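Fold and geometry: a report
Listed below are the residues making up each chain.
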Amino acid sequence: DGGITQSPKYLFRKEGQNVTLSCEQNLNHDAMYWYRQDPGQGLRLIYYSQIVNDFQKGDIAEGYSVSREKKESFPLTVTSAQKNPTAFYLCASSWGTAVNTEAFFGQGTRLTVV
Amino acid sequence: DQQVKQNSPSLSVQEGRISILNCDYTNSMFDYFLWYKKYPAEGPTFLISISSIKDKNEDGRFTVFLNKSAKHLSLHIVPSQPGDSAVYFCAASPRLGSSNTGKLIFGQGTTLQVKP
């Protein structure tokens, strides 16, 4: 079955520690995205990548880093510089920039920093 | 600067009636619009989309209307069912070929409750 997989579903970390969230897709999509959802707010774009070895900052990139070494994978690192890291993180993928098409989302990772 | 706005945080309708969810946008470079449905602790799932060259797109019980002059779109669900209860997000994508192509911008979401 094709899809997009985020792991883990729940993640707890101590304040000051970096943590990496995994996102893998087997849809052969070119573009991948990371969003953050906070209560009462929409999905805010952290980073996106339209092609391997290339990525752009979204609206709230500060305190986060990404890599796109493989087409299938787009891990997100939440660094200690992120002031309010507790949130629900969503990864998505799409065919990319050639056509207008929907993005497919993973099930999300709930990160809690204590 | 919220480029995509859903001004109603919540909506409650009776089963069988019509649900109308609204969305406004400010950026005239957007030319592809989508609606997503989201249950708690899950990822959003795609519902329906519309290109800016159209003013209506229908898929079963779901219809999306686009008013470009007003920069407004709406999602109609008829008839509404209890299983439709979820958070609905509208999203917009810039014109193909622009510098931000592929960047989906989401609204804040509207929580729909359909009462039996």
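A short tour of the structure in this document, coming up. In this text the structure is predicted, and so the values were computed from the model without any measurement.

What about the overall build of chain A?
Counting secondary structure elements, chain A contains zero helices and eleven strands. Starting at the N terminus and ending at the C terminus, chain A contains elements arranged as β-β-β-β-β-β-β-β-β-β-β. Taking the principal axes of its C-alpha atoms as reference, chain A extends roughly 40 × 30 × 25 Å. Taking all 114 residues of chain A together, the buried fraction comes to 48%. Surface accessibility of chain A: about 5,600 Å² in total, with carbon and sulfur atoms responsible for 48%. One way to put it: in chain A the 11 positive side-chain charges average out to a point 8 Å from where the 11 negative ones average out.

Let's talk about the packing of aromatic side chains
Taken as a whole, this structure holds 13 aromatic pairs over all chains when the rule is applied. Measuring from centroid to centroid gives 5.9 Å for Tyr47 of chain A and Phe55 of chain A, while their planes differ by 80°, and the two rings are edge-to-face. Among the residues examined, Tyr47 of chain A registers a relative accessible area of 8% and is labelled buried. A ring pair is formed by Phe89 of chain B and Phe106 of chain B, whose centres lie 6.3 Å apart and whose planes are at 85°; its orientation type is edge-to-face. Separated by 17 residues along the polypeptide, Phe89 of chain B in strand β9 (residues 86–94) and Phe106 of chain B in strand β10 (residues 105–106) bring together distant segments of the chain. Classification of Phe89 of chain B by relative accessible area gives buried; the value is 0%. Through a chain of ring-to-ring contacts, three or more aromatic side chains come together here, namely Tyr33, Tyr35, Tyr48 and Phe105 of chain A together with Tyr36, Phe46, Phe89 and Phe106 of chain B. Sitting over the ring of Phe74 of chain A, Arg68 of chain A keeps its end group 6.0 Å from the ring centre.

Some thoughts on the state of the cysteines
Tallying each qualifying case throughout the model produces two disulfides over all chains. Each sulfur of the disulfide joining Cys23 of chain A and Cys91 of chain A lies 1.9 Å from the other. Here Cys23 of chain A and Cys91 of chain A share a disulfide; its torsion about the S-S bond, -80°, makes the bridge left-handed. In this pair, Cys23 of chain A is assigned in strand β3 (residues 19–25) and Cys91 of chain A in strand β9 (residues 87–94), connecting sequence segments 68 residues apart. With a relative accessible area of 0%, Cys91 of chain A lands in the buried category. Cys23 of chain B shares a disulfide with Cys90 of chain B; S-S distance 1.9 Å. For the disulfide bridge between Cys23 of chain B and Cys90 of chain B, the dihedral angle about the S-S bond is near 60°, and by the sign convention the bridge is right-handed. Here the residue Cys23 of chain B occupies a position in strand β3 (residues 19–25), and Cys90 of chain B occupies one in strand β9, the gap between them amounting to 67 residues. Taken as a pair, Cys23 of chain B and Cys90 of chain B share a single burial class, namely buried.

Section: the sheet that holds strand β7 (residues 62–67) of chain B
Strand order in the open sheet formed by five strands is β1-β3-β8-β7-β6 (chain B), with antiparallel pairing between adjacent strands. Taken across any chain shown, the strands that pair with only one partner, and hence form the sheet edges, are β1 (4–5) and β6 (56–59) of chain B.

Some words on the sheet that holds strand β1 (residues 4–7) of chain A
Residues and elements named next belong to chain A. Strand order across the open sheet formed by four strands is β1-β3-β8-β7, with antiparallel pairing between neighbours. Two strands in the sheet have a free side with no partner beyond their single neighbour: β1 and β7 (64–66). Sheet twist, expressed as the mean angle between neighbouring strand axes with direction ignored, is 20°. The sheet contact formed by β1 and β3 spans four bridges and is antiparallel. Pairing of Gln6 across the sheet is with Cys23, part of β3.

Brief notes about the interface of chain A and chain B
Counting residues at the interface gives 24 residues for chain A, matched by 23 residues for chain B. Carbon and sulfur atoms supply 56% of the area that chain A and chain B bury against each other, a total of about 1,900 Å² over both sides. Three residues, Leu43, Asn100 and Glu102 of chain A, lead the burial of chain A against chain B; their summed loss comes to 27% of the area buried on that side. The tally of links between chain A and chain B comes to zero salt bridges. Inspection of the region where chain A meets chain B yields four residue pairs in polar contact (both at pLDDT 80 or more). For the side of chain A that touches chain B, the secondary structure elements donating two or more residues are β4 (31–37), β5 (43–51) and β9 of chain A. Looking at the side of chain A that touches chain B residue by residue, the classes come out as eleven nonpolar, ten polar and three charged.

Calculation rules
Residues numbered from 1 in each chain as written. Chains lettered and ligands numbered in written order. Predicted model: local features only at pLDDT ≥ 70, side-chain atom pairs only at ≥ 80, totals over all residues. Heavy atoms only, no water. Helix = DSSP H or I, 4+ residues; strand = E, 2+ residues; numbered from the N terminus. Buried < 20%, exposed > 50% of the residue type's maximum accessible area, 1.4 Å probe, protein only. Areas by Shrake-Rupley, 256 points an atom, 1.4 Å probe, with all protein chains shown as cover. Lys, Arg positive; Asp, Glu negative; His and termini not counted. Charge placed at Lys NZ, Arg CZ, Asp CG, Glu CD. Phe/Tyr/Trp six-rings, centres within 6.5 Å; stacked < 30°, edge-to-face > 60°. Lys NZ or Arg CZ within 6 Å of the ring centre and 35° of its normal. Disulfide = S-S within 2.5 Å. Pairing = 2+ DSSP bridges. Axes fitted to C-alpha atoms, helices over the stretch in contact; angles between N-to-C directions. Contact = heavy atoms within 4.5 Å. Buried area = accessible area lost by both parts, 1.4 Å probe. Salt bridge = Lys/Arg side-chain N within 4 Å of Asp/Glu carboxyl O. Polar contact = N/O pair within 3.5 Å; in protein donor to acceptor, adjacent residues only side chain to side chain. Nonpolar A, V, L, I, M, F, W, Y, C, P; charged D, E, K, R; others polar.

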